[in-house]
Amino acid sequence: MRYVLIKYIREGMILGKTLYGDNGEILLTKGTSINLLYVKILIRLGYSGIYIRDELSEDITVTEIISDALRMRTMKSIKNLMRPNIKEDEIKSSLKVIEVLTKNIVDEISCNKDIIVNMIDLKVASEYTFYHSVNVCVISMVLGSALKLRKKDLYLLGIASLLHDIGKIYTPNEILDKPSKLTYEEFETIKLHSENGYRYVKKYLNIHTKVSMGIYEHHERYDGTGYPLNIKWEKISLFGRIISIADVYDALVSDRPYRKGILPSEAVEYIMGGGGTMFDQHLVRTFSDRISCYPIGTCVILSNSLIGIVVENYSGYSLRPLVKIIQYEDKLVTPYLINLKESNYNVTIVGMTDALLFR
Ligand SMILES: [Fe+2]
């Protein structure tokens, strides 16, 4: 399958990956033939692109870190937990479900040693907070796994990252959803969510302080320019330092009401640029080894004017994937593979492209 921007989706294209609606319900199953009504619905829901399956991309498989089913169940549980007016006993039962789901995520991630985050943003716009929580959890746990954290700590990191923004249940919606720049006072109100999240976890979960501290410190910055404590370097807990990278990365690649998300390669570059200042340099290195700049299924243009689809990514080589070449400048070629990881290929990826003849 390959990823195609919504503006290039045409009637009759075959959906490569199941899509979900507002409430995590299945909207369109993979294999569905797309029609114009579906395209309109997808645009309304905020999808910027979708995976399609065609002859040229039928040998390309998008590997997911966690299964769609687990991702959607977790997303729905976070949504349930963050709903307004939830009762005390419902909070407790909902948190029990989240604990079980986190254990399942740990199990799925632990199975894969050389795991690399291969994520294209497929969020439903109105559900940003819940999708974001799951993405931050997955990225944090991949980082944790690369750092060889023990299974128990990976689980704690999973809970902390899933609940990192739980304190936002106390932030007024008009501030959270404001499409324009926040005033000083509004920003000060938003900033309270770190401490509110810390208090929430202390109140409802009988769990290691690594979790509450990770939540408390997820907006601290390595050089002391974050909030709420303005602490720096290793004074910030490991969980706080990990979650801050995952949180910023996923926010950057997401479409928001006030701006479009940036490309994964640009977001990785931003995080790398912040190594040693905003973020812990060692963790940034681990992150950049484990996140693909050009996710599987995206179209890329090479420095020698070849154009192709990314087939595979390798940990430690996030800029050098395996690419299926299908086009040279504006001419189609017989498809063949180039593995950029092999050093004898003296070419680089210039960027992602929509300049495909076979659209
Ligand atoms: Fe936050």
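Just above, that's the structure.
Residues numbered from 1 in each chain as written. Predicted model: local features only at pLDDT ≥ 70, side-chain atom pairs only at ≥ 80, totals over all residues. Heavy atoms only, no water.

Q: Whenever I open this one, the nonpolar core confuses me. Can you help?
A: Within soluble globular proteins, side chains that are nonpolar generally end up buried alongside one another. Ranked by internal contacts, the top residues of the largest apolar core, which has 104 residues, are Ile9, Tyr47, Ile50, Leu163, Tyr249, Phe287 and Leu302. For this core, the leading source of residues is helix α4 (residues 128-146), giving 10 residues. Ignoring sequence-local partners within four residues, the contact set of Leu163 consists of Ile78, Leu81, Leu95, Val201, Leu205 and Ile215. (Core = buried A, V, L, I, M, F, W, Y, C linked by side-chain atoms within 4.5 Å. Buried < 20%, exposed > 50% of the residue type's maximum accessible area, 1.4 Å probe, protein only. Helix = DSSP H or I, 4+ residues; strand = E, 2+ residues; numbered from the N terminus. Contact = heavy atoms within 4.5 Å.)

Q: Sorry, what's going on with the coordination of the iron ion here?
A: The expected angle between donors at a tetrahedral four-coordinate metal is 109.5 degrees. At an octahedral six-coordinate metal it is 90 or 180 degrees. Ligation of the iron ion by protein atoms is provided by Asp165 (OD), His193 (NE2), His218 (NE2) and His219 (NE2), these donors lying 2.2 Å from the ion. Coordination at the iron ion comes from four donor atoms whose angles at the metal span 85 to 175°, giving a geometry best classed as irregular. For the iron ion, the single-chain donor residues occur in sequence as D-x27-H-x24-H-H. Of this pair, Asp165 sits in the loop between α5 (151-162) and α6 (173-176) while His193 sits in helix α8 (residues 193-204), and the two are 28 residues apart along the sequence. When sorted by exposure, Asp165 lands in the same class as His193, which is buried. (Donors = N, O, S within 2.8 Å, 3.2 Å for Na, K, Ca; no water. Tetrahedral: all angles 85-135°; square planar, octahedral: opposite > 155°, others 65-115°.)

Q: Explanation requested: the pairing of strand β7 (residues 306-312) in the structure shown.
A: Here is the key point about a regular strand: its side chains alternate between the two faces of the sheet. Burial runs high along β7: six of the seven residues are buried. As paired strands, strand β6 (residues 299-302) and β7 are joined by three bridges and run antiparallel to one another. Paired with Ile301 across the bridge in β7 is Ile307. Connecting β6 to the antiparallel partner β7 that follows it, the hairpin turn spans three residues, and Ser305 within it adopts a positive phi of roughly 70°. In this structure, β7 lies alongside strand β8 (residues 322-328), joined through six bridges in antiparallel fashion. Within the sheet, the bridge partner assigned to Glu312 lies in β8 and is Leu322. (Pairing = 2+ DSSP bridges.)

Q: Would you take a moment to explain empty space enclosed by the protein for this structure?
A: Unoccupied space between atoms shows up once a probe the size of one water molecule is rolled over them. For the coordinates displayed, the defined rule picks out four cavities of 30 Å³ or more. If you add up the space inside the largest cavity, you get close to 290 Å³. What lines the largest cavity is a set of 21 residues, and nearest its centre among them are Lys17, Arg71, Ile120, Leu122 and Tyr131. Those elements giving two or more residues to the lining of the largest cavity turn out to be β3 (19-20), α2 (68-81), α4 and α10 (238-253). The residue makeup of the lining of the largest cavity, split by class, is 11 nonpolar, three polar and seven charged. Approximately 60 Å³ is the volume found for the second largest cavity. Around the second largest cavity, the lining residues are Gly46, Tyr47, Ser48, Asp121, Leu122, Lys123, Val124, Ala125, Tyr128 and Asp255. Residue composition of the lining of the second largest cavity, grouped by class: five nonpolar, two polar and three charged. (1 Å grid on protein atoms, 1.4 Å probe; cavity = no way out; pocket = protein on both sides within 12 Å on 5 of 7 lines; lining within 4 Å. Points joined across faces, edges and corners; volume = space filled by probe spheres on them. Nonpolar A, V, L, I, M, F, W, Y, C, P; charged D, E, K, R; others polar.)

This is a description of form; function is not addressed.
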